[in-house]
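Residue-level structural notes
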Amino acid sequence: MADTALKAGAESLVVGGSFFAELQRRKVAEPNLYIAFADVLLRSQRIVFSRFSPRQKQEVVRLLSELRSDIVTLAIGNRANDVNMISAAKGGIGILGSEGAAAARASDYALSEFRQLVPLMLLHGRENYRRNSEAIIYTFFKNFMVVLPQYWWGFSNVFSGQPLYDPFLYQLYNVIFAFFPVICYGVLDSTHSAETFLSQPKLYASGPRRIFFSKFRFAMTLFVATVLSLFLTLTALALFDWEPKPDGFSFGLFNFGNMVFFGVVLLVNARVLVMSNSFS
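Residues numbered from 1 in each chain as written. Predicted model: local features only at pLDDT ≥ 70, side-chain atom pairs only at ≥ 80, totals over all residues. Heavy atoms only, no water.

Quick look at the layout of surface pockets
Here the largest pocket is characterised by a volume of approximately 1400 Å³. Contributing to the lining of the largest pocket are 35 residues, with Val72, Thr73, Leu74, Gly91 and Tyr204 lying nearest its centre. Only helix 3 (31-43), strand 2 (46-50), helix 4 (54-67), strand 3 (74-77), strand 4 (91-95) and helix 7 (117-154) provide two or more residues apiece to the lining of the largest pocket. A total of seven residues in the lining of the largest pocket trace back to one element, the largest contributor, which is helix 7. Tallied by class, residues from the lining of the largest pocket come to 22 nonpolar, eight polar and five charged. (1 Å grid on protein atoms, 1.4 Å probe; cavity = no way out; pocket = protein on both sides within 12 Å on 5 of 7 lines; lining within 4 Å. Points joined across faces, edges and corners; volume = space filled by probe spheres on them. Helix = DSSP H or I, 4+ residues; strand = E, 2+ residues; numbered from the N terminus. Nonpolar A, V, L, I, M, F, W, Y, C, P; charged D, E, K, R; others polar.)

Quick notes on the packing of aromatic side chains
For the structure shown, the criterion picks out 18 aromatic pairs. An aromatic cluster of three or more residues is present, and its members are Phe19, Phe20, Phe37, Phe49 and Phe52. The ring of Phe141 is capped by Arg271, whose NZ or CZ atom sits 4.6 Å from the centre of that ring. (Phe/Tyr/Trp six-rings, centres within 6.5 Å; stacked < 30°, edge-to-face > 60°. Lys NZ or Arg CZ within 6 Å of the ring centre and 35° of its normal.)

Remarks on the sheet that holds strand 4
Spatial ordering of the open sheet is given by 3-4-5, a layout of three strands whose pairing is parallel. Both edges of this open sheet fall to strand 3 and strand 5 (109-111), since each of them pairs with a single strand only. Shown here is a sheet whose adjacent strand axes are inclined to one another by a mean of 20 degrees, direction ignored. The pairing of strand 3 with strand 4 spans four bridges and is classified as parallel. (Pairing = 2+ DSSP bridges. Axes fitted to C-alpha atoms, helices over the stretch in contact; angles between N-to-C directions.)

Examining unusual backbone geometry
The backbone of Arg51 shows a phi angle near 55 degrees, a positive value even though the residue is not glycine. Here Arg51 falls in the exposed class, since its relative accessible area comes to 78%. The phi torsion at Val158 lies on the positive side, around 55 degrees, for a residue other than glycine. With respect to the secondary-structure elements, Val158 resides in the loop between helix 7 and helix 8 (167-171). (Buried < 20%, exposed > 50% of the residue type's maximum accessible area, 1.4 Å probe, protein only.)

Points about the packing of helix 7 against helix 13 (residues 252-275)
Viewed as axis vectors pointing N to C, helix 7 and helix 13 meet at an angle of 160 degrees, and their least axial separation amounts to 11 Å. Of the possible angle classes, the one that applies to helix 7 and helix 13 is roughly antiparallel. In this structure, the crossing between helix 7 and helix 13 has a hand that is right-handed. Residues Glu134, Ile137, Tyr138, Phe141, Lys142, Met145, Val146, Pro149 and Trp153 of helix 7 form the contact with helix 13, whose own contacting residues are Leu253, Phe256, Val260, Phe261, Val264, Leu267, Val268, Asn269, Arg271, Val272 and Met275. Of the residues belonging to the contact of helix 7 with helix 13, the class tally is 16 nonpolar, one polar and three charged. (Parallel < 35°, antiparallel > 145°, perpendicular 65-115°, else oblique. Left-handed = near helix turned anticlockwise from the far one by under 90°. Contact = heavy atoms within 4.5 Å.)

Topic: the pattern of salt bridges
In total, this model carries 12 salt bridges according to the counting rule given. In this structure, Arg25 engages Glu22 in a salt bridge whose closest nitrogen and oxygen atoms are separated by 2.5 Å. A residue pair is termed a helical-turn pair when its members lie 3 or 4 positions apart in one helix, as Arg25 and Glu22 do in helix 2 (residues 17-25) at three residues. The shortest N-O distance in the salt bridge between Glu30 and Arg26 comes to 2.7 Å. When its relative accessible area of 30% is taken as the criterion, Arg26 is described as partly exposed. Ionic contacts of the salt-bridge type, sharing partners, join the residues Arg126, Glu127, Arg130, Arg131 and Asp189 into one network. (Salt bridge = Lys/Arg side-chain N within 4 Å of Asp/Glu carboxyl O.)

With respect to the nonpolar core
In this structure, Tyr138, Tyr165, Tyr173, Phe256, Val260, Val264 and Val268 are the most contacted members of the largest nonpolar core, which totals 26 residues. Among the secondary structure elements, those contributing two or more residues to this core are helix 7, helix 10 (180-188), helix 12 (215-239) and helix 13. Ignoring sequence-local partners within four residues, the contact set of Tyr173 consists of Lys142, Val146, Ala178, Phe261, Val264, Val265 and Val268. One finds Val15, Leu23, Phe37 and Leu41 within the second-largest nonpolar core, a separate group that totals 11 residues. (Core = buried A, V, L, I, M, F, W, Y, C linked by side-chain atoms within 4.5 Å.)

Here it is as structure tokens:
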């Protein structure tokens, strides 16, 4: 029966503090037993840990984190004896109330009521993860877009070191030209209403599955920025009039650099528009 339980796990499992203490005592002598116990925990859907000390709560969280590096552990507590557990978890939530504020002070997020856990995880947590992921990807994109044209420009001047952009405009790129739209996106953008998120918990699965932030998305961002920056530079070179005018002057490098810079600013802000899901 024990072998069957180890293979299949359990829908509900109750673990006593004295049993876990004995398991820890035999951890060095029988490491396979400890690993088998951890495997049962991972296979079980619901587990009740009865009469666990603060240190034992912390050890359970560490055990799961060490066994599976891809697991994101979340600890929720409202008492001082939950502080160790909250500190060991990757994410900690403390509940303020009659039990004191020790758990809340040690946590990443403090709440006043347990009922606020659902919107925190299913609504704010999911949207915070999505917007942060998109903002990081966008940051790479806008920096690729402003740097790569200078590399392509190097082929035209035999990499002499001649700068492409006006230094003053270049310094204002992240401060003014590519700043405000992404801030609006990070604060206001939303894919669904709050009611939809709370009624469809499956939408939260995008976080554990790493849909919004992955190596593939980073690679695609680099590829798109490379193609767009090359197209922008070659287009500006093809359309720019380098011939001198009747007065002997030409548009010159300054205007060519401004032309490319304007295209970069236009494209990076258009990217914010394309990746937005809501408009206000």
